Amino acid sequence: MKLATFAPPGAAPRVGIVRGNWLLDAHAANPAVPAAMADLLARWETVRSQLDGLAESCTDKSLLHRIADVKVLPPVPVPGRYLDFYSFEGHVKNARAKRGLEVVPEWYQTPTYYNGNPYSFVGHGETVHYPHDEAQRDYEMELAVVIGRTCRNLKPDEWRGAIAGFTILNDCSARVRQMSYAKVGMGPSYGKDFGKAYGPWIVTPDECPDAGRIELTAKVNGQEWSRGLMGTARYDWGAMLAFATKDQELRPGDLVGSGTFAFGCGYELDKFLKPGDTVEMEMLYDGKSLGVLRNGVA
């Protein structure tokens, strides 16, 4: 199942279940399902079963909205928290080597993440506004999970029960800002907090039972720049979410990124984005497309 947040013309945002090229208004089809994604996730464990088969059984065409005719928002428009990991050794090695650095031993000991700006997200079809004076606009191809229940001190083998599903994340970077600020040692946020994109929807775990087989691709203006498998990460979702909840909570609607796949950004490829470019990221499972996140660059 795929769950989106969408806004029909002149109407408030609501949860939609993807049905081919259409979205079913889930609350209109079943009033027991909350209209807003944040409310649905807050009741995820009790409401989840009421979503099964809802889109397939709907015969009222007035409840269906063509995806091309509505605004698709970030699945959770404002996540409660946004944590982004650094889990792919290839990306870590490549990025640090470009600055003349080795991978520090501590990276191999525990997963690491930074806390990002939860107010900065745009959804599918929207434009990411980079700082106007930034000379190195970059994308970062990542997988993310949306948390579906409050969890603390999660065990690694419990992670699937803690998430609502997967989504595509473009953790956009302003590299000149980032590299200068990083020298202070306070993380990359100043080079990232301006904006980023994720979506187009949440893909529930039953559609991709082995998360390691989820594949992502990134195209710029129709040309493929990046491709990679989640299974190549040094730290899997069990390790990441266990670490992220050690002595602290994650709550429904929080967003957790995997970190950039190896060769999943322009910085590793020595090429950057220009205003007017279009970045498309696609999620696939065993070759089947699970969604495309498309965003313009400004």
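As shown above, the structure is provided for reference.
Being a predicted model, the structure only gives us computed values, none of them experimental.

Any chance you could explain the overall build of the protein here in plain terms?
Within the protein, the regular secondary structure consists of 8 helices and 21 strands. In terms of overall size, the protein behaves like a compact globule, its C-alpha atoms giving a radius of gyration of 19 Å where 298 residues would be expected to give roughly 19 Å. Taken over the C-alpha atoms alone, the protein extends approximately 60 × 45 × 35 Å along its principal axes. The buried share of the protein, reckoned over its 298 residues, is 55%.

Please explain the packing of aromatic side chains as it appears in this structure.
Geometry of an aromatic ring pair is reported as the spacing of the ring centres plus the angle between the planes. Summed over the entire model, instances satisfying the criterion amount to 11 aromatic pairs. Here Trp107 and Tyr108 contribute two aromatic rings whose centre-to-centre distance is 5.0 Å and whose plane-to-plane angle is 90 degrees, an arrangement assigned as edge-to-face. The class for Trp107 is buried, based on a relative accessible area of 4%. Through successive ring pairs, a cluster of aromatic residues spans Tyr82, Tyr114, Phe121 and Tyr198. Of note, Lys271 hangs over the ring of Trp225, and the distance from its end group to the ring centre comes to 4.4 Å.

Would you mind showing me how to read the sheet that holds strand β16 (residues 214-220) here?
Consider a sheet: its strands pair through backbone hydrogen bonds, and that pairing is either parallel or antiparallel. Taken together, 5 strands build an open sheet; the order of strands is β9-β21-β20-β16-β17 and the sheet is mixed. Because the sheet does not close on itself, it has two edges, and the strands there are β9 (127-128) and β17 (223-229). Of the strand pairs in this sheet, strand β20 (residues 278-285) and strand β21 (residues 288-297) are connected by 8 bridges, and their pairing is antiparallel. Pairing of Tyr285 across the sheet is with Lys288, part of β21.

Help me out: how do you make sense of the nonpolar core in this one?
Generally speaking, soluble globular proteins have nonpolar side chains that are buried together. Ranked by internal contacts, the top residues of the largest apolar core, which has 57 residues, are Phe166, Trp237 and Leu241. Every residue in contact with Trp237, bar those within four places of it in the chain, is listed here: Leu143, Ala144, Val145, Trp159, Phe166, Ala211, Met230, Val256, Gly257 and Ser258. By size, the runner-up hydrophobic cluster in this structure holds 29 residues, among which are Met1, Leu51, Ala164 and Leu255.

Would you mind showing me how to read the layout of surface pockets here?
Where empty space is left becomes clear once a probe the size of a water molecule has been rolled over the atoms. For the largest pocket, the calculated volume is near 580 Å³. Taken together, 27 residues form the lining of the largest pocket, with Tyr86, Arg99, Gln178, Gly187 and Pro188 sitting closest to its centre. The residue inventory of the lining of the largest pocket, partitioned by class, reads 12 nonpolar, 7 polar and 8 charged. Empty space within the second largest pocket amounts to approximately 260 Å³.

Please clarify how the pairing of strand β1 (residues 2-7) should be interpreted in this entry.
Here is the key point about a regular strand: its side chains alternate between the two faces of the sheet. When you tally the buried positions in β1, you get 6 out of 6 residues, the bulk of the element. Examined bridge by bridge, β1 and strand β15 (residues 196-203) share 2 bridges and lie antiparallel to one another. Looking at β15, one finds that Leu3 is bridged to Ile202. Sheet analysis places β1 next to strand β5 (residues 71-73), joined by 3 bridges and oriented antiparallel. Within the sheet, the bridge partner assigned to Thr5 lies in β5 and is Leu73.

Can you help me understand the pattern of salt bridges in this one?
Between side chains of opposite charge, pairing is possible as soon as their charged atoms come close. Scanning all chains against the criterion turns up 20 salt bridges. Arg213 is the salt-bridge partner of Asp286, the closest N and O atoms lying 2.4 Å from each other. With Asp286 in the loop between β20 and β21 and Arg213 in the loop between β15 and β16, this residue pair connects regions lying 73 residues apart in the sequence. Between Arg227 and Glu224 there is a salt bridge; the shortest N-O distance is 2.8 Å. The class of Arg227 is partly exposed, set by a relative accessible area of 44%. A single salt-bridge network, built from bridges that share partners, covers Asp138, Glu140, Asp171, Arg175, Lys192 and Lys196.

For this particular structure, what's the right way to read the pairing of strand β3 (residues 22-25)?
Direction of pairing for strand β2 (residues 14-19) relative to β3: antiparallel, over a ladder of 4 bridges. When the bridges of β3 are listed, Arg19 appears paired with Trp22. Both β3 and strand β4 (residues 64-66) contribute to a ladder of 3 bridges, which runs antiparallel. Counterpart to Leu24 in the pairing with β4 is Leu64.

Analysis parameters
Residues numbered from 1 in each chain as written. Predicted model: local features only at pLDDT ≥ 70, side-chain atom pairs only at ≥ 80, totals over all residues. Heavy atoms only, no water. Helix = DSSP H or I, 4+ residues; strand = E, 2+ residues; numbered from the N terminus. Rg over C-alpha atoms; globule rule 2.2 N^0.38 Å. Buried < 20%, exposed > 50% of the residue type's maximum accessible area, 1.4 Å probe, protein only. Phe/Tyr/Trp six-rings, centres within 6.5 Å; stacked < 30°, edge-to-face > 60°. Lys NZ or Arg CZ within 6 Å of the ring centre and 35° of its normal. Pairing = 2+ DSSP bridges. Core = buried A, V, L, I, M, F, W, Y, C linked by side-chain atoms within 4.5 Å. Contact = heavy atoms within 4.5 Å. 1 Å grid on protein atoms, 1.4 Å probe; cavity = no way out; pocket = protein on both sides within 12 Å on 5 of 7 lines; lining within 4 Å. Points joined across faces, edges and corners; volume = space filled by probe spheres on them. Nonpolar A, V, L, I, M, F, W, Y, C, P; charged D, E, K, R; others polar. Salt bridge = Lys/Arg side-chain N within 4 Å of Asp/Glu carboxyl O.

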